[in-house]
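Chain by chain, the residues:
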Amino acid sequence: MRTEQADHDIFETLLRRKITESVIKGLDHGIFGAMDLVTRLRRYAWRARQEQLSPQTLQVIASARRLLGDRPGTRLDS
C-alpha cells in the first residue's frame with residue numbers, strides 16, 4: 001500500500017512540475033498555442049477531479065489556467 005501511495009505522490013509531483021513548466025514556457029514565448037494548453041488544462045482538471053487527485057494538484061491546474069487567462073467555471077466543452 002505504501003509503495004502504491006509513493007508512486008501516486010511521485011506521479012502528482014511530476015504532473016504538477018510539467019504543468020508549471022509548460023505554462024512558464026508558454027508565457028516566456030508568448031501566448032501562441034495558449035488555447036491548446038488551456039484546453040488541455042481543462043481536461044486535466046476534469047480528470048484530476050475524477051481521479052480524486054490532491055488539492056495541491058487541482059490548485060496548480062487552476063493557477064495555470066488563470067495565468068493563461070482562462071476564466072474560473074469555464075466548462076470543458078466551451
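Here, the structure is the one placed above.
Cut-offs used in this document
- Residues numbered from 1 in each chain as written.
- Predicted model: local features only at pLDDT ≥ 70, side-chain atom pairs only at ≥ 80, totals over all residues.
- Heavy atoms only, no water.
- Salt bridge = Lys/Arg side-chain N within 4 Å of Asp/Glu carboxyl O.
- Helix = DSSP H or I, 4+ residues; strand = E, 2+ residues; numbered from the N terminus.
- Buried < 20%, exposed > 50% of the residue type's maximum accessible area, 1.4 Å probe, protein only.
- Core = buried A, V, L, I, M, F, W, Y, C linked by side-chain atoms within 4.5 Å.
- Contact = heavy atoms within 4.5 Å.

(A) Representation of the pattern of salt bridges in the model. All told, the structure shown has four salt bridges when counted by the stated rule. Among the ionic pairs, R42 bridges to D70, the shortest N-O distance being 2.6 Å. Of this pair, R42 sits in helix α2 (residues 34–50) while D70 sits in the segment after α3 (55–67), and the two are 28 residues apart along the sequence. Given the relative accessible area of 8%, R42 is considered buried. Here D70 falls in the buried class, since its relative accessible area comes to 9%. Between R47 and E51 there is a salt bridge, with its nearest N and O atoms 3.1 Å apart.

(B) Spatial organisation of the nonpolar core. The biggest cluster of nonpolar side chains holds twelve residues, and these are L15, I19, V23, L37, V38, L41, A45, A48, L53, I61, A64 and L68. Elements supplying a minimum of two residues to this core: α1 (2–28), α2 and α3. Among the elements that line this core, the one with the most residues is α2, at five residues. Residue contacts for A64: discarding those within four places in its chain leaves I19, V23 and L41.

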